[in-house]
Amino acid sequence: MGDIAEAQRTEPNLRRQLAARVFYRGAKRLQTFGGSVALMLALVAPLIRYWDPDAGPILGAVAGLWIFLTRLVVRPLRGRRREMGAVTQEQFDVEVLQLTPNLSLKHMVSEEEIRRASGDAANLANTPAWYPTDADTAWPASVLICQRSNAVWARRQHRSYGLLLTAAAGLWFLVGVGVGIASDASLATYLAALALPSLPALLDASELAREHLKAATQRQETEQRINNLLDAATATEADLREIQDEVFSLRRGAALVPEWYYKLVAGRFENDMRYAAKQIAERGE
């Protein structure tokens, strides 16, 4: 653990850590932008239904156009930033955990891009340690504990946010039905003026909820595999690389958790992670 603690505090790795966060933050902002427009359409639709009942078809057309633009423009841009974040984080992990390089990477993020994203050296001093290294343990358990921390943190984050999105989508659907009933709207009017304008938001929420819950299940499978390797105490360098390949694959493909939600749970998750890492390290002594 001492080697990991020292490696993650070097300037190149601090810059990789910061740059990965910046790239992910850019992807999250694009996701938030797309979701905000969809949410605005959903919120405005019931109000316009009262002010101008004839505006329903226009709102429906706008919603359809936004669905098209989101999938054609916003999502590819978001995917590019997420890819850069995953690759930069992988470069960080390989250096800090002393792993075999990831041979599947076709395009590395350049040191110039990392330097630009991480900013001035003053930003590095206040960067918190990424991996918990409070309790010392020998290789390969030290690496497995760090990889497990990644998996558990992401699993908890994806699952809780996925459930939140599911509840929000269901609640908004019921609100739309309630507004339609209260305004004595016909089925055709409800579909054109309320359901269709809400469709982008409901689609985004339901798709994201499924992606987050799926990611949580996949992370739990990785977590269990790591637990088995820790219990058996027979992990090899190849095992560590295979685990890291799973982590990287999930990072580059999993749905993004908004920054506001990350900040909401980060403090509690951080304390839980460090406690669990210490307990596992002491149990293996």
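Read on for an overview of the structure. Every residue gets a number counted from 1 within its own chain, in the order that chain's sequence is written. Where local features are concerned, this predicted model is filtered to residues with pLDDT of at least 70; where side-chain atom pairs are given and counted, the filter is 80 or more; whole-chain, interface and lining totals use all residues. Water and hydrogen atoms play no part in the side-chain values, which are based on all heavy atoms of the structure.

Some words on the pattern of salt bridges
1) Next: What counts as a salt bridge is simple: a side-chain nitrogen of Lys or Arg found within 4 Å of a carboxyl oxygen of Asp or Glu. A complete count under the given rule lists 14 salt bridges for this structure.
2) Next: With a shortest N-O distance of 3.0 Å, R155 and E223 are connected by a salt bridge. Linking R155 in helix 5 (residues 141-182) with E223 in helix 6 (residues 187-232), this pair joins segments that are 68 residues apart in sequence. The same class applies to R155 as to E223, namely buried.
3) Next: Bridged by salt links that share partners, the residues R25, K28 and E259 form one connected network. Note on conventions: DSSP H or I runs of at least 4 residues are helices, E runs of at least 2 residues are strands, and numbering of each starts at the N terminus. With a 1.4 Å probe rolled over the protein chains alone, any residue whose accessible area is under 20% of its type maximum counts as buried; one over 50% counts as exposed, and the rest are partly exposed.

Section: the nonpolar core
1) Next: We call a set of buried residues a nonpolar core when its members are Ala, Val, Leu, Ile, Met, Phe, Trp, Tyr or Cys and they connect through side-chain atoms within 4.5 Å of each other. Among the nonpolar cores identified, the biggest contains 22 residues, and I4, V96, L97, Y131, L144, I145 and L230 are the most heavily contacted of them.
2) Next: Of all the secondary-structure elements, those providing two or more residues to this core are helix 1 (2-7), helix 3 (56-96), helix 5, helix 6, helix 7 (237-253) and helix 8 (259-283).
3) Next: In terms of residue count, helix 5 provides more of this core than any other element does, 4 residues in total.
4) Next: Any two residues having at least one pair of non-hydrogen atoms within 4.5 Å are treated as being in contact. Once residues within four sequence positions are removed from consideration, Y131 is found in contact with I4, Q8, F92, D93, V96, L97, C146, N150, R251 and R274.
5) Next: Core analysis: the second largest hydrophobic core is formed by 13 residues, A86, L105, V109 and I114 among them.

Some thoughts on the packing of aromatic side chains
1) Next: Classification of ring pairs rests on two measures: the distance between centres of Phe, Tyr or Trp rings, Trp counted by its six-membered ring, which must be within 6.5 Å, and the angle between planes, read as stacked under 30 degrees, edge-to-face over 60 and tilted in between. A complete count under the given rule lists 7 aromatic pairs for this structure.
2) Next: Centre to centre, the rings of W153 and F269 are 5.7 Å apart; their planes meet at 85°, and the pair counts as edge-to-face. Of this pair, W153 sits in helix 5 while F269 is found in helix 8, placing the two residues 116 residues apart along the sequence.
3) Next: Assessed through its relative accessible area of 14%, W153 is described here as buried.
4) Next: Classification of F269 by relative accessible area gives buried; the value is 3%.

In short, the description is geometric, and any link to function would need to be established separately.
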